[in-house]
Amino acid sequence: MKYESTRGNFEKVTSSEAIQLGMVPKGGLFVPERVPEFSEKEIREMEGEKYREIAHRVLRKFLTNFSGETLGKTIDSSYRENFEAEEVVPTVKLEEGVHLIELWHGPTAAFKDVPLQFMPRLLSRAIERETVVLVATSGDTGKAALEGFKDVKGTRIIVFYPKESVSRMQELQMTTTGGSNTAVVALEGDFDDCQNGVKDVFADWEFQSEFPQRFSSANSINWGRLAPQIVYWITSYLQLSAKGELEVEEEVDIVVPTGNFGDILSAYYARRMGLPVNKLVCASNENRVLADFFRTGTYDANRELKRTSSPAMDILISSNLERFLYHETGRDPERISSWYESLDKDGRFTVDGKTKERMDRVIHGEYATEDETLETISRIYEDHGYPLDPHTAVGVKCFEKYGERVERGKTALIASTANPHKFAPAVMKALSDREWEGREFEALDELKEKTGWPIHRSLRNLKEAEIRHDYTCPRDGIRDIIRKILRN
Ligand SMILES: *Cc1c(COP(=O)(O)O)cnc(C)c1O
């Protein structure tokens, strides 16, 4: 299976090249030239299989130029011991017909561990020369990528995070990372500045040629990030059917708290592969670019970015939407190129009526305000004794709003994207009606007391851990700091 550019501006490449390149060097993203499918029978056969077995079935369809043995070994070392749950991503029943998929049992307490335990191991088997992995993070990708790439042979990793807009916990998780090949940079700007800066470097071949290394990405613009995420929609569906919560073949709704549109896109691929999914509910916080887009057909990034209690979703340019639109236009690189040129130039574009209609059949966009998010955390804790993190709470609220608009009757799977302890001040604010900002560790202890949930291993010793990284750089200083780090 080959991968092609959403903008039709590059030759087709193998899966291993797509992962090594990260994104299309001239702009655009790699997508599989066709989406492989599972028959109903094949899906039924997977019931009762282990996560690793299902991962193998899914990934070998996409990563075709890796041998079965390589994939098997990589999957094994990624998922055998690094997740605290036997199922890797366990499901939890919130109420009849509503289930959370806990995606955060990996080393850094956010869903990105699932792809980022796998992808660095795979990349290290593919690379021909030293690879510098550049990462833009709104908070969670950074740490998950650092853990994934730490001391992986043949790689170096540089993470850029927006200085003022990650949580203190997220910042400490990143700046205390060990490893001889890691660097962490606080950028004076927001996440979009980090992401645009990194994307510029990928498109700048002259700059790249200053270095003997090759550059790649661990963001969800990289296909290697997305493919492993497809697996958990299938395994969680099968967990529920094994528990008798649904029949194999029964359609479900999937709700995904969304920022860069990566996680929901992987659910879209699972749907295309044959998983019986009715609607994907795209849940946004107050940065509701996507909710507006799915309502109106106009993507308009000309607005202030708001800082919310769900910082991983404080994003105005949702990169992976491009892949979704590529598929929904029936693979039309010309339309995609013109929309994204217009996004570059004017910060907005409008899709045609036919594409809008097709999108409506698959996706429902909603958003939750800050007040709604905190109210949801508090209410769900009262009713069910379950502490939601703010991102997951956005998902739950959007699911409720969706239920008010349409006749629902389908079982819902809601992605739980982070362990609540990771955002303890916001969660405690919701549970206590007091402000905890700036008292992260107190909030952490208080939340543990209140809920009886043990503190996740990645947060436990953070207070005492040594700070190892203190680079900062101005918004337009990404190239200089990369030079400084790589020539060190
Ligand atoms: C990254 C992240 C999201 C958003 O995922 P995307 O793939 O960027 O849409 C949601 N919740 C948490 C906790 C995250 O870390």
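Residues numbered from 1 in each chain as written. Predicted model: local features only at pLDDT ≥ 70, side-chain atom pairs only at ≥ 80, totals over all residues. Heavy atoms only, no water.

## Remarks on the overall build of the protein
When its secondary structure is counted, the protein shows 21 helices and 15 strands. A compact globule built from 488 residues should have a C-alpha radius of gyration of about 23 Å, and the protein, at 21 Å, falls within 12% of that. When the backbone C-alpha atoms are referred to their principal axes, the protein occupies close to 60 × 50 × 45 Å. Residues classed as buried in the protein amount to 65% of the 488 residues present. Once local pairs closer than 6 in sequence are excluded, the contacts in the protein between residues at least 24 apart make up 75%. Between the centroid of the 67 positive side chains of the protein and the centroid of its 82 negative side chains there is a distance of 4 Å. (Helix = DSSP H or I, 4+ residues; strand = E, 2+ residues; numbered from the N terminus. Rg over C-alpha atoms; globule rule 2.2 N^0.38 Å. Buried < 20%, exposed > 50% of the residue type's maximum accessible area, 1.4 Å probe, protein only. Contact = heavy atoms within 4.5 Å. Lys, Arg positive; Asp, Glu negative; His and termini not counted. Charge placed at Lys NZ, Arg CZ, Asp CG, Glu CD.)

## Some details on the site of the ligand
In the region of the ligand, 15 residues are neighbours, and Lys112, Asp140, Gly259, Asn260 and Thr417 sit closest. In this structure, Asp263 approaches the ligand through a main-chain N or O atom, which is 2.9 Å from an oxygen atom. Here a nitrogen atom of the ligand sits 2.8 Å away from a polar atom, N or O, in the side chain of Thr417. Relative to its unbound accessible area of 380 Å², the ligand is 98% covered by the protein chains. Per-class residue counts for the shell around the ligand are six nonpolar, six polar and three charged. (Near = heavy atom within 4 Å. Polar contact = N/O pair within 3.5 Å; in protein donor to acceptor, adjacent residues only side chain to side chain. Areas by Shrake-Rupley, 256 points an atom, 1.4 Å probe, with all protein chains shown as cover. Nonpolar A, V, L, I, M, F, W, Y, C, P; charged D, E, K, R; others polar.)

## Focus: the packing of helix 3 (residues 51–62) against helix 10 (residues 223–242)
Between helix 3 and helix 10, whose axes approach to 9 Å, the crossing angle comes to 135 degrees. Overall, the two elements helix 3 and helix 10 adopt an arrangement that is oblique. Handedness of the helix 3/helix 10 crossing: right-handed. Taken together, the residues of helix 10 that come into contact with helix 3 (itself represented by Tyr51, Ile54, Ala55, Val58, Leu59 and Phe62) are Trp223, Ala227, Pro228, Ile230, Val231, Tyr232, Ile234, Thr235 and Leu238. Grouping the constituent residues of the contact of helix 3 with helix 10 by class yields 14 nonpolar, one polar and no charged. (Axes fitted to C-alpha atoms, helices over the stretch in contact; angles between N-to-C directions. Parallel < 35°, antiparallel > 145°, perpendicular 65-115°, else oblique. Left-handed = near helix turned anticlockwise from the far one by under 90°.)

## Focus: the pattern of salt bridges
Here the structure, examined in full by the defined rule, presents 40 salt bridges. Arg288 serves as the salt-bridge partner of Asp292, at 3.1 Å between the closest nitrogen and oxygen. Its relative accessible area of 25% is what places Arg288 among the partly exposed residues. A salt bridge links Lys401 to Glu372, with the shortest nitrogen-to-oxygen separation between them at 3.0 Å. One end of the pair, Lys401, is in helix 17 (residues 390–405); the other, Glu372, is in helix 16 (residues 370–384), with 29 residues separating them in the sequence. Residue Lys401 is classed as buried on the basis of its relative accessible area, which comes to 15%. (Salt bridge = Lys/Arg side-chain N within 4 Å of Asp/Glu carboxyl O.)

## Quick word on the sheet that holds strand 6 (residues 155–162)
The strands making up a sheet associate through backbone hydrogen bonding, with each pair oriented either parallel or antiparallel. The parallel open sheet is built from five strands, whose spatial order is 8-5-6-7-15. Edge positions in the sheet fall to strand 8 (214–217) and strand 15 (471–474), since each of these pairs with one other strand and no more. Pairs of neighbouring strands in the sheet enclose a mean axial angle of 30 degrees, with direction left out of account. Relative to strand 7 (residues 182–188), strand 6 runs parallel, the two sharing six bridges. Note on strand 7: the bridge partner recorded for Tyr161 is Ala186. Contacting strand 6 and strand 7, helix 7 (residues 168–175) crosses the sheet at an angle of about 160 degrees to strand 6. (Pairing = 2+ DSSP bridges.)

## Looking at the sheet that holds strand 4 (residues 98–102)
An order of 3-4-14-9-10-13 is seen for the six strands of this open sheet, with the pairing classed as mixed. Edge positions in the open sheet fall to strand 3 (91–95) and strand 13 (363–367), since each of these has one partner strand only. Mean inter-strand twist for the sheet, computed between neighbouring axes without regard to direction, equals 25 degrees. As defined by bridge partners, strand 9 (residues 252–257) adjoins strand 14 (residues 411–416) across four bridges and the pair is classed as parallel. Counterpart to Val255 in the pairing with strand 14 is Ile414. Running at roughly 135 degrees to strand 13, helix 12 (residues 289–296) makes contact with strand 10 (277–284) and strand 13 of the sheet. Together, strand 10 and strand 13 form the strand contacts of helix 15 (residues 353–362), whose direction differs from that of strand 10 by roughly 100 degrees.

## Some points on the side chain of Lys401
One polar contact links Lys401 to Glu372, side chain to side chain, over a distance of 3.0 Å. Filtering out sequence-adjacent residues up to four positions away, Lys401 remains in contact with Glu366, Tyr367, Ala368 and Glu372.

## Digging into the side chain of Gln213
Inspection of the secondary structure puts Gln213 in the loop between helix 9 (205–208) and strand 8. Side chain to side chain, Gln213 and Glu130 meet in a polar contact 2.9 Å long. Excluding residues that lie within four positions of it along the chain, Gln213 makes contacts with Arg129, Glu130, Val132, Arg156, Gln208 and Leu486.

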